[in-house]
Amino acid sequence: MSDAAIAKSPAKGGGAKLAIVYVTCLFFIWALVTNLLDPLLKTMKTVFTLTPVEASLTGFAFFIAYGVMSMPSAAFLSKFGYARSVMVGLGGIVLGCFIAIAAAKLHTFALVLTALFIMASGITLLQVAANPLIASMGRPEDSSFRLNLSQAFNSLGAACGLWFGANFLLKGQIFEKDITITDAMREQALGFVSNVYFVIGAGLALFILAIFFVRRQITEAAPKTGHYVNPLSALSSKWANLGAIGIFLYVGAEVAISLNLLLFLEEAHILNIPAEQAGKMTTFYMVFAMIGRFAGSALLKKFKDYWLLTAVAVGAIALSLTVILTKDMVPSAHTGDINLILATVPMTTGLIPAFAALLIGLFNSIMFPTIFTLTLQRSSAPASATSGLLCMAIVGGAFLPLAFAKIEEMTGSKSLAFIAPLVCYVYVLWFALVSKNAPTHEIEDEGVAGGH
């Protein structure tokens, strides 16, 4: 039986709740896989002795998949439905995990990049399906609330990915400062990569089976599909395009900061700590994002989504400026250590730029889901096409880290490289302000007459 035949009426009660639980698990899963990139970048940079721009290719290979695969994913979703899209997307991640294992065994960086592209292709399909699915499961005025709540679990998955990666990818002598790297050290580090992706691949294979058994409930709770929707139709909507630019710049800023946080924190003039401790510290970036999303979900019951987006954009701009303006600050001598549970760090004024960078995660928290739902509510294109365009815009995560790395290479300063995300947050602020007066509508897959 086709998904379209199953989707005769919206699911109610337990079926809808079960669908929400499983879709929320997807948000957790793709965040965990995505945020292994940060410690993986450090591993690849160390094992293969890469420059900042070369190391950034790990993020580029992953996020370029959103640019290549989002429109095909939107077409697949419109034709085959949400449940099948979820299972195929998870299958893509599993395939990428096992290619990553082969790449680690063969010591081939190019094959690592291929594995990341395939994983991200699967995640792209999951994102195209899951975001409008959650947004449509209830009252339209609460769509930002539901998506922010699911994104809170996405942040939990991201924090787990950073912590998991720091603990299982950044072990061994190869990460010690001023060490002479040997082939045995490289072998050990790549062995850790194999182990991590084997565990993830095996776990997700079991989760696909679980999804198969509840595919009917997911389909009943989803927007109706079964007819082909041209994914390029989103380009005809002014708000779909404005939202896509917002997603492109926001994701680019978040990824550029996230990929470079570990390297930023371990610098001598910031915290001067070992890679493993710096990796654990980066977990705060996503912990703050998780706190912000849970808090944001509550605040969205009281305040308009565009006003909250305005507030967090201002906060992110202020923190980015703090990092930039403290570039020449000479940190005070270490006067002891602070136990922050997730990591132990020295007491020094270097904590000012360190926590300014980490706290950006708090203000990033509601940006993605709020930009997404503000756009879905204002776009005149079908929901699947708009979602495809917005997910394609996640390709910003491939390009902004390269801009960040290029500014660092040109200036010799990671602090000045925060100019790249600063510019992105300025656009998000503008988008939030202009969305206030735009007409809105119910999220559906037939398109609407207004919304430009």
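Throughout what follows, the structure given in this document is the object of discussion. Note that the structure is a prediction, hence the values are computed from the model and not measured. All residue numbers refer to position in the chain's written sequence, counted from 1. At least 70 in pLDDT is required for a residue's local features to be given in this predicted model, at least 80 for side-chain atom pairs to be given and counted, and no such filter applies to totals for whole chains, interfaces and linings, which use all residues. Remark: hydrogens and water are excluded; side-chain values derive from all non-hydrogen atoms of the structure.

**Focus: the packing of aromatic side chains**
The geometry of an aromatic ring pair is captured by two quantities: the separation of the ring centres and the angle between the planes.
Phase 1: Side-chain rings of Phe, Tyr and Trp (the six-membered ring for Trp) are treated as a pair once their centres are within 6.5 Å; stacked means planes under 30 degrees apart, edge-to-face means over 60, and tilted covers the remaining angles. Scanning all chains against the criterion turns up 19 aromatic pairs.
Phase 2: Centre to centre, the rings of Phe284 and Phe355 are 6.3 Å apart; their planes meet at 55°, and the pair counts as tilted. Linking Phe284 in helix 12 (residues 275-299) with Phe355 in helix 14 (residues 351-364), this pair joins segments that are 71 residues apart in sequence.
Phase 3: Any residue under 20% of the maximum accessible area for its type is buried, any over 50% is exposed, and the rest in between are partly exposed; the area is computed with a 1.4 Å probe on protein chains only. Phe284 sits in the buried class, given a relative accessible area of 11%.
Phase 4: When its relative accessible area of 22% is taken as the criterion, Phe355 is described as partly exposed.
Phase 5: Site record: aromatic cluster; members linked through ring pairs are Phe60, Phe248 and Phe399. Comment: elements are numbered from the N terminus, with helices defined as DSSP H or I runs of at least four residues and strands as E runs of at least two.

**Here we look at the pattern of salt bridges**
Between side chains of opposite charge, a pair can form when the charged atoms approach closely.
Phase 1: Just to be clear on terms, a salt bridge is a Lys or Arg side-chain nitrogen sitting within 4 Å of an Asp or Glu carboxyl oxygen. Counted by the stated rule, this structure contains six salt bridges.
Phase 2: One salt bridge in this structure joins Glu408 and Lys414, with 2.8 Å as the shortest N-O distance.
Phase 3: One network of salt bridges, with partners in common, ties together Lys171, Glu276 and Lys280.

**Details of empty space enclosed by the protein**
Phase 1: Only protein atoms enter the 1 Å grid, on which a cavity is a set of points fitting a 1.4 Å probe that cannot get out and a pocket is an open set with protein on both sides within 12 Å along at least 5 of 7 lines, lining residues being those with an atom within 4 Å of a point. Grid points are joined across faces, edges and corners, and a volume is the space filled by probe spheres set on the points. Under the definition given, this model contains one cavity of 30 Å³ or more.
Phase 2: The calculated volume of the largest cavity comes to roughly 300 Å³.
Phase 3: Forming the boundary of the largest cavity are 22 residues, of which Thr34, Asn35, Phe63, Asn154 and Glu254 lie nearest the centre.
Phase 4: When contributions to the lining of the largest cavity are tallied by element, the ones reaching two or more residues are helix 2 (14-34), helix 3 (37-47), helix 5 (57-80), helix 8 (143-168), helix 11 (238-265) and helix 12.
Phase 5: With six residues, helix 11 is the single largest residue contributor to the lining of the largest cavity.
Phase 6: Each residue is assigned to one class: nonpolar for Ala, Val, Leu, Ile, Met, Phe, Trp, Tyr, Cys and Pro, charged for Asp, Glu, Lys and Arg, and polar for all the others, Gly among them. For the lining of the largest cavity, the residue count by class is 13 nonpolar, six polar and three charged.

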